[in-house]
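Listed below, chain by chain, are the residues.
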Amino acid sequence: MNEGVLVMITSPNIEELVIDLLLEQQDISGFTSHLVNAHGTGTHQLSMLEQVSGRQQKVQFMVYGTQSALQTFTDLIKTTLEHSGARFILLPVIDSGVL
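The written sequence of each chain sets the order in which its residues are numbered from 1. Local features in a predicted model are, by the rule used here, given only for residues with pLDDT of at least 70; side-chain atom pairs are given and counted only at 80 or more, and totals for whole chains, interfaces and linings are based on all residues. Here the side-chain values reflect all heavy atoms present in the structure, with hydrogen atoms and water set aside.

Draft legend 1. The arrangement of the overall build of the chain in detail. Only DSSP runs of H or I with at least four residues qualify as helices, and only runs of E with at least two residues qualify as strands; both kinds are numbered from the N terminus onward. What the chain contains, in helices and strands, is three helices and four strands. Going from the N terminus to the C terminus, the chain shows its helices and strands as β-α-β-α-β-α-β. Expressed as a percentage of the 99 residues in the chain, the buried residues total 31%. Within the chain, contacts between residues separated by at least 24 positions form 76% of all contacts whose residues are at least 6 apart in sequence. Accessible surface, the chain: about 6800 Å² in total, of which carbon and sulfur atoms supply 54%. For each residue, the accessible area found with a 1.4 Å probe, counting protein chains only, is set against the maximum for its type, and the residue is called buried under 20%, exposed over 50%, and partly exposed in between. The contact rule is simple, with two residues in contact once any of their heavy atoms fall within 4.5 Å. Here, Shrake-Rupley sampling with a 1.4 Å probe gives the accessible areas, and only protein chains in the shown set may cover a residue.

And the structure:
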C-alpha cells in the first residue's frame, strides 16, 4: 500500500489559499476541512482573548492520496506557505477501506 494522509493545521486567513492549492492538484481527488481549536503552551502569538480562553481558532485539512502525490504537495506548500505558521504531518496509511 502506497497511500498516505496529510494533516494540515492553518490559520483561517489562509484557508482559501490552501483550498485553491489543493483543488489545483491533479493527483489529489479530495480532502476535508473543518474549524478546530488549537491549544498549547506557546502564548506569544495569541491575542488577549485567546490567552484567556486557552484556545486559538485554526483550520484543519485532511488529505488522502498516494504518498508521492502528497509528497509533491508538501514540497509545494513548503515554499508557498513559508512563514505562514501552517503545520503539517504526512503519515503512511496502514489500512483503509469503505464499510
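Once you've had a look at it, read on.
Draft legend 2. Region of interest: the side chain of Gln60. Inspection of the secondary structure assignment puts Gln60 in strand E3 (residues 56-66). For Gln60, the contacting residues outside a window of four places in its chain are Val7, Met8, Ile9, Thr32, Ser33, His34 and Val36.

Draft legend 3. Here's a closer look at helix H3 (residues 67-80). A helix is expected to span 1.5 Å for every residue after the first. The end-to-end C-alpha separation of H3 is 20 Å, in line with the 20 Å expected for 14 residues at 1.5 Å each. Within H3, the full set of buried residues consists of Ala69, Leu70, Phe73, Thr74 and Ile77. One side of H3 holds all its buried residues, which, seen down the axis, span an arc of 135°. Here the arc refers to the set of directions running from the helix axis out to each C-beta atom.

Draft legend 4. Geometry of the sheet that holds E3. Paired strands, in this sense, are two strands between which DSSP finds at least two bridges. The strand order across the open sheet built from four strands is E2-E3-E1-E4, with neighbouring strands paired in antiparallel fashion. In the strand order of this sheet, the two ends are held by strand E2 (31-38) and strand E4 (87-92), each with one partner. Neighbour-to-neighbour, the strand axes of this sheet turn through a mean angle of 20°, independent of strand direction. The pairing of strand E1 (residues 3-10) with E4 spans six bridges and is classified as antiparallel. Looking at the pairing, Leu6 lines up with Leu90 of E4. Geometry is summarised by axes, namely lines fitted to C-alpha atoms with helices restricted to the contacting stretch, and by angles between N-to-C directions that run from 0 to 180 degrees.

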